[in-house]
Amino acid sequence: MQATVLYGPRDIRFEDRDAPTIMKPTDAVIRIAATCVCGSDLWPYRGINAVTAPTPMGHEYCGIVEEVGSAVKSIKPGQFVIGSFFASDNTCPHCHHGYQTSCQHKEFVGGAQAPLLRVPLADGTLVPTPDVPPDDMLPSLLATSDVLGTGWFAADAAKVKPGMTVAVVGDGAVGLLGILSAKQMGADRIIAISRHEKRQKLALEFGASDVVTERGDEGVARIKDLTNGVGADAVLECVGTQDR
Ligand SMILES: [Zn+2]
């Protein structure tokens, strides 16, 4: 099969690779229906994170189950499934407390930018939909693989509660879905920190009440102004850097 592989900064190749197979009884192999590029792929692509070996790309995915290992119980061939970028058993103590990305048996899932993908710990990692969805739903379902879960987790970790004022740093897919999540959790006021007009529009559509375009100390001062000197009750960092 043909797949994308990152060799180094700005060196991505589309090349022949062996199709994945079931390696452990808890694995599944899925046929990819939709996949995409994640913001976190850009760090090694730009040379900010080192690439130590050729790395198959793609960790956001959904598709149809082709085959499952002998120990897989809930996932069946033919099902449409959406998976996470960390495989988790969903049964260990960390998973039970809602930290599936710290699962005792976690494995990073990579190589989704290919026709077929091996997913470890299929029962804990894959979520089936009731039916095979129509093609026009694929982009929305793909968004639940990483960016919605990540944005939701940011809001959950920041303990967003009804009535709160929430500031969201970053207006990429995770930031925008962090806004949507904070709105779902009942935030009263959501301040989007954004400089892109198109994304500001989406932010407002997803539930933002204010847009702040300033960054750094100016941005902090602007948010203090907007909140009568109090500041935000919860802050969602949705960029992945220490900048503010
Ligand atoms: Zn676990």
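Not measured: the values here are computed from a predicted model. (Residues numbered from 1 in each chain as written. Predicted model: local features only at pLDDT ≥ 70, side-chain atom pairs only at ≥ 80, totals over all residues. Heavy atoms only, no water.)

Q: Looking at this model, I keep getting lost on the overall build of the protein chain. Mind explaining?
A: Secondary structure summary: the protein chain contains eight helices and 14 strands in total. Rg of the C-alpha trace for the protein chain: 20 Å, near the compact-globule value of 18 Å for 244 residues, within the 12% margin. Principal axes of the C-alpha set define a box for the protein chain whose edges measure 60 × 40 × 35 Å. A total of 244 residues make up the protein chain; the buried ones form 42% of that total. Nonlocal contacts in the protein chain, meaning residues at least 24 apart in sequence, comprise 66% of its contacts between residues at least 6 apart. Accessible area of the protein chain: about 13,100 Å², with a carbon and sulfur share of 54%. (Helix = DSSP H or I, 4+ residues; strand = E, 2+ residues; numbered from the N terminus. Rg over C-alpha atoms; globule rule 2.2 N^0.38 Å. Buried < 20%, exposed > 50% of the residue type's maximum accessible area, 1.4 Å probe, protein only. Contact = heavy atoms within 4.5 Å. Areas by Shrake-Rupley, 256 points an atom, 1.4 Å probe, with all protein chains shown as cover.)

Q: Explanation requested: the pattern of salt bridges in the structure shown.
A: Opposite charge on two side chains lets them pair, provided their charged atoms get close. By the definition in use, this model includes eight salt bridges. Here aspartate 27 ties to arginine 118 by a salt bridge, and the two come within 2.6 Å at their closest N and O atoms. Residue aspartate 27 is found in the loop between β2 (11–16) and β3 (28–35), and its partner arginine 118 is found in strand β9 (residues 116–119); the two are separated by 91 residues along the sequence. According to the relative accessible area criterion, aspartate 27 is buried, its value standing at 0%. Judged by relative accessible area, arginine 118 falls into the buried class, the value being 18%. Across the pair arginine 118 and glutamate 107 runs a salt bridge, and its minimum N-O distance is 3.9 Å. Here arginine 118, found in strand β9, pairs with glutamate 107, found in strand β8 (residues 107–108); they are 11 residues apart in sequence, far enough to count as distant. One network of salt bridges, with partners in common, ties together Lys24, Asp27, Glu107 and Arg118. (Salt bridge = Lys/Arg side-chain N within 4 Å of Asp/Glu carboxyl O.)

Q: Help me understand the nonpolar core, please; the structure alone is not making it clear to me.
A: Across soluble globular proteins, you tend to see nonpolar side chains buried next to one another. Counting 22 residues, the largest nonpolar core has Val160, Val166, Val168, Ile179 and Leu236 as the members making the most contacts within it. In terms of residue count, helix α6 (residues 173–184) provides more of this core than any other element does, five residues in total. (Core = buried A, V, L, I, M, F, W, Y, C linked by side-chain atoms within 4.5 Å.)

Q: Honestly, helix α8 (residues 216–226) in this entry has me stumped. Any pointers?
A: Note: α-helices contain 3.6 residues per turn, so residues at a spacing of three or four share the same orientation. By the burial criterion, the buried members of α8 are Gly216, Gly219, Ile223 and Leu226. End-on, the buried residues of α8 take up no more than an arc of 65°, which puts them together on one face. In α8, the exposed positions angled more than 90 degrees off the buried face are occupied by Asp217, Glu218 and Asp225. On the buried face of α8, the contacting elements are β11 (165–169), β12 (189–193) and β13 (210–212). A positive phi of about 55° marks asparagine 228, the residue just after α8. (Arc of directions from axis to C-beta.)

Q: Could you clarify how one ought to interpret the sheet that holds strand β4 (residues 55–56) in this entry?
A: Paired through their backbone hydrogen bonds, the strands of a sheet run either parallel or antiparallel. One open sheet holds the three strands; their spatial order is β2-β1-β4, and the pairing between them is antiparallel. Only two strands of the sheet have a single partner each, and these edge strands are β2 and β4. (Pairing = 2+ DSSP bridges.)

Q: Would you take a moment to explain the side chain of aspartate 171 for this structure?
A: Along the chain, the position of aspartate 171 falls in the loop between β11 and α6. The class for aspartate 171 is buried, based on a relative accessible area of 10%. A polar contact of 2.5 Å, which involves the side chain of aspartate 171, links it to the side chain of serine 194. Polar side-chain contacts of aspartate 171 include one of 3.0 Å to the side chain of histidine 196. Apart from residues no more than four positions distant in its own chain, aspartate 171 is found in contact with Leu176, Ile193, Ser194, Arg195, His196 and Arg199. (Polar contact = N/O pair within 3.5 Å; in protein donor to acceptor, adjacent residues only side chain to side chain.)

Q: For this particular structure, what's the right way to read the packing of aromatic side chains?
A: Each aromatic ring pair is specified by the distance between its two centres and by the angle formed by the two planes. According to the stated counting rule, one finds three aromatic pairs in the structure shown. Pairing phenylalanine 85 with phenylalanine 86 gives two aromatic rings, centres 5.9 Å apart and planes at 50°, and the pair type is tilted. Classification of phenylalanine 85 as buried rests on a relative accessible area of 18%. Between tyrosine 99 and phenylalanine 153, the ring centres sit 5.9 Å apart and the planes meet at 85°, which makes this aromatic pair edge-to-face. With tyrosine 99 in the loop between α2 (93–96) and β8 and phenylalanine 153 in helix α5 (residues 147–157), this pair connects stretches of sequence that are 54 residues apart. Through pairs of rings, three or more aromatic residues link up here, namely Phe85, Phe86 and Phe108. Sitting over the ring of tyrosine 7, arginine 13 keeps its end group 3.7 Å from the ring centre. (Phe/Tyr/Trp six-rings, centres within 6.5 Å; stacked < 30°, edge-to-face > 60°. Lys NZ or Arg CZ within 6 Å of the ring centre and 35° of its normal.)

Q: What is the right way to look at the coordination of the zinc ion in this model?
A: In an ideal tetrahedron of four donors about a metal, each angle is 109.5 degrees. In an ideal octahedron of six donors, the angles are 90 or 180 degrees. Here the zinc ion is held by Asp89 (OD), Cys92 (SG), Cys95 (SG) and Cys103 (SG), and the distances to it run 2.1 to 2.3 Å. In this structure, the zinc ion is surrounded by four donor atoms whose angles at the metal cover 94 to 124°, and the resulting shape is tetrahedral. Along the chain, the residues that donate to the zinc ion are spaced as D-x2-C-x2-C-x7-C. Per residue, the accessibility class of aspartate 89 equals that of cysteine 95, and both read buried. (Donors = N, O, S within 2.8 Å, 3.2 Å for Na, K, Ca; no water. Tetrahedral: all angles 85-135°; square planar, octahedral: opposite > 155°, others 65-115°.)

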